[in-house]
Amino acid sequence: MGKSCVDGVDVVDIVDDVDGRYGSGNGGIRMTRAGRDSCRHFRNSLLRALQLDMLWARVYARGKQLARLWGMDMRTRRHLAVLAAGLTLMAGCGASGGFGGYGWFLLLAVVMAGAGWPLSVIALRWRKQRRLVVSTYLEAEERLEESEPAEALELVRAAKPEVTYGGLRAPLTQVEMTALLRLGDVAGLLAIYADTPDAFYWQEGPALLVAEAHVADGRYEAFDKLYNWWHEREGRGEGASKRWVLLESDKLQREEYEIGALEALNRGEMEGPAEAGRLARLAVLRGPENGEEAQALIERALKLAPDDPDVRVFQGMLYEKTARDKRAEAAFQYALAYGKRRPLIIDAVAEFYRRSSNIERALEIWMDGLAEPSLDRIWLKVLFLGKVYRPLAPAWKELTPPPGEFSQLIDFFETVPRARFWDHETFQPMATEKPVLLSRQEVHWLRVFEALRVRNEDEALSLLNVSRFGERSWHQDLETTLIWILTYRRVKFMNPELVLIADDRLRVEGRHPLFAALDNWVRGEAKPPEFVQRLVVSDEAFAAACLAAGWHRAGLILHRVPLVKSEAPEWLVRDYEAALKVCKDELDEMRASL
């Protein structure tokens, strides 16, 4: 007799245990022959009952699995599983003599009566939905062939809510992904990926775009899953784009593993735009140490794909690294012209202007990127700058934020009172549910500024020390300066040993006088003017730092002491007047509400 198992316990072991305890073995109780026959009958009955119980459980589970593969919903799966398990149980009982006479016919009638009518209704509903899927799919495909992806997307999204069977939704999801790819709607693809990631294992174009967004956002685990799948397909000879190597090099470069990025790019030449992308990335990695070689590489890339916005972005990055600012700006402008409806290109160009301290131009580009197709991270940056840089024009409120991981944070930003930076009590449940939100720089900076606003300097210093972003900081000068000021206010002297957290790369021509003076003080090179020494310990210290960074609105909210122009240096008067120019009307409203 073969062995069977119920919940991890061997059935034969159970029955043998019963026989060993009450049978005629040496360790058992001595019984009469009638007693032993009775015990054997009990053993056989127990074994048959347990086997039938296991058979029911197995068929029920298998029925649900098959129903899931056929696209049935949960209710349908249960009906089919009950019907299959009931028929199997009747057959098993009939074969083993479990029912006398025609008793099993009665059970069959009961099962069919209970399951037949619901199954008929479900079958008709499934057939109706299948017809809807087929007609919608064919019509959407026709729209795509006629270069009308927006119309195709509208058809699919109108039909999907009416399709309740998961398996039937798969074709609609595939054509929806194709339409989103044609539209360049990264947010829409990311929303589908969050719901059904398996769909991206069969359509490479959408998978590449989603993977690119993952790299740009620093979500390397999500990228690795897609990359490994398609890389293995290429290894099996099933075909995969060479562009995966380009994204792998981007990820390695962002992780500051430039040797690995070079190794990935040197695996071999590619064809067409992919080769242009490879050459452009090699140019950025080679420069500025190998300026002539890098220039030759970028020129070859431009000959292959002069209108490719990705190549233009890397051209701008190369010139930015080699301090050719005018040529860098021209390259990024080309990229914006060729990729003005691509959210990732818009974000890359705006980031260049932010790094160049041209916050106004960066904000303009990001605000142009709020219209569909957009990205939730672009919305976050716009709302953040509306909190710390200058008030936003009301036109953006007429637009609808895209779906995404940060949609809840976007809604939260809109609820925070204008005179404040942050609302800890409202945000805390969100952070508990999604700890990833704490890694956003928008969250980091606004929490720091709110701590400074309420004069909780210990919390502000703790946040700055724990969550420093280094080179990735949106304003590294401001970040380090705030740490210096808070440290000095606590220990009452500027320790030259703090040079360990100074950065020589910040010592550039045209640096703001406040940042330069404090840097020299921290390094022990020179004491700043008396006014700066008094400013550091005054209530106006943090406002002055924000104004020096060009974050006008944050500086005015933190402003505490009336400015005496005759005593203040020229740079502080200039900063204060520039902030008032862009924020005065809103500032009056905020102060009236306090």
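Residues numbered from 1 in each chain as written. Predicted model: local features only at pLDDT ≥ 70, side-chain atom pairs only at ≥ 80, totals over all residues. Heavy atoms only, no water.

Novice: Sorry if this is basic, but what is going on with the environment of Arg243 here?
Specialist: The residue Arg243 is located in helix α10 (residues 243–254) in this model. In the structure, Arg243 is positioned 35 residues away from Leu208 in sequence and 7.8 Å away in space, judged by C-alpha atoms. Residues contacting Arg243, with those up to four places away along its chain left out, are Leu208, Pro273 and Ala274. (Helix = DSSP H or I, 4+ residues; strand = E, 2+ residues; numbered from the N terminus. Contact = heavy atoms within 4.5 Å.)

Novice: Looking at this structure, I do not really get the confidence of the model for the chain. What am I missing?
Specialist: It should be kept in mind that the predicted coordinates are not to be read in detail where pLDDT is low. Averaged over all residues, the pLDDT of the chain equals 80, while 74% of them reach at least 70. Note that residues 1–36 has pLDDT below 50 and, in this model, 41 contacts with residues that lie over four places away or in other chains. pLDDT under 50 marks residues 94–102. Its contacts with residues more than four places away, or in other chains, come to 5 contacts. (pLDDT = per-residue confidence, 0-100.)

Novice: Mind showing me how you'd approach the pattern of salt bridges here?
Specialist: Pairs may arise between side chains of opposite charge once their charged atoms sit close together. The full count for this structure, using the stated rule, is 31 salt bridges. One salt bridge connects Arg511 with Asp477, and the closest N-O pair in it is separated by 2.6 Å. Note that Arg511 is positioned in the loop between α23 (476–491) and α24 (513–523) and Asp477 in helix α23, a separation of 34 residues in sequence. As far as burial versus exposure is concerned, Arg511 and Asp477 are alike and both buried. Among the salt bridges present, the one from Glu577 reaches Lys565, with a minimum N-O distance of 3.0 Å. Of the two residues, Glu577 sits in helix α28 (residues 570–593) while Lys565 sits in the loop between α27 (552–558) and α28, which places them 12 residues apart along the sequence. By relative accessible area, Glu577 is classed as partly exposed at 40%. Look at Lys565 and you get exposed, because its relative accessible area is 52%. Residues joined by salt bridges that share partners form a network here, namely Asp217, Arg219, Asp347, Glu351, Arg354, Arg377, Lys381 and Glu405. (Salt bridge = Lys/Arg side-chain N within 4 Å of Asp/Glu carboxyl O. Buried < 20%, exposed > 50% of the residue type's maximum accessible area, 1.4 Å probe, protein only.)

Novice: Explain the side chain of Arg440 here, please?
Specialist: On the secondary structure map, Arg440 appears in the loop between α20 (424–433) and α21 (441–453). Using a relative accessible area of 11% as the deciding quantity, one classes Arg440 as buried. Within the structure, Arg440 has its side chain in polar contact with the side chain of Glu442 (distance 3.0 Å). Leave out the neighbours within four places in its chain, and Arg440 touches Arg377, Leu380, Lys381 and Phe406. (Polar contact = N/O pair within 3.5 Å; in protein donor to acceptor, adjacent residues only side chain to side chain.)

Novice: In this structure, what is going on with α23? I would like to understand it.
Specialist: Think of an α-helix as 3.6 residues a turn; residues three or four steps apart then line up on the same face. Compared with the 22 Å implied by 1.5 Å per residue over 16 residues, the 23 Å span of α23 between its first and last C-alpha is a close match. Across the 16 residues that make up α23, a large majority, 14, are buried. A positive phi of about 70° marks Lys492, the residue just after α23. (Expected span 1.5 Å × (residues − 1).)

Novice: I tried to follow unusual backbone geometry on my own but got confused; where do I start?
Specialist: Glycine aside, negative phi is the norm for most residues, and most peptide bonds take the trans geometry. A cis amide bond, omega -5°, links Glu372 with the succeeding residue Pro373. Take Pro373: it is sitting in the loop between α17 (359–368) and α18 (376–388). Of note in the backbone geometry, Glu256 takes a positive phi value of approximately 60° without being a glycine. Accessibility expressed as a relative area gives 66% for Glu256, which makes it exposed.

Novice: Hey, could you run me through the side chain of Lys251 in this one?
Specialist: Its place among the elements puts Lys251 in helix α10. In this structure Lys251 comes out as buried when scored by relative accessible area, which is 12%. In this structure Lys251 touches Val215, Tyr220, Phe223 and Asp224, once residues within four positions along its chain are discounted.

Novice: Hey, could you run me through the packing of α17 against α18 in this one?
Specialist: When two helices pack together, you describe them by how their axes are tilted relative to each other and by the distance separating the axes. Following both chains from N to C, one finds α17 and α18 inclined at 135°, their axes separated by 9 Å at the closest point. Considered as vectors, α17 and α18 are oriented oblique to each other. With respect to the hand of their crossing, α17 and α18 are arranged in left-handed fashion. Across the interface between the two elements, Ile359, Leu363, Trp366 and Met367 from α17 touch Ile378, Lys381, Val382 and Leu385 from α18. (Axes fitted to C-alpha atoms, helices over the stretch in contact; angles between N-to-C directions. Parallel < 35°, antiparallel > 145°, perpendicular 65-115°, else oblique. Left-handed = near helix turned anticlockwise from the far one by under 90°.)

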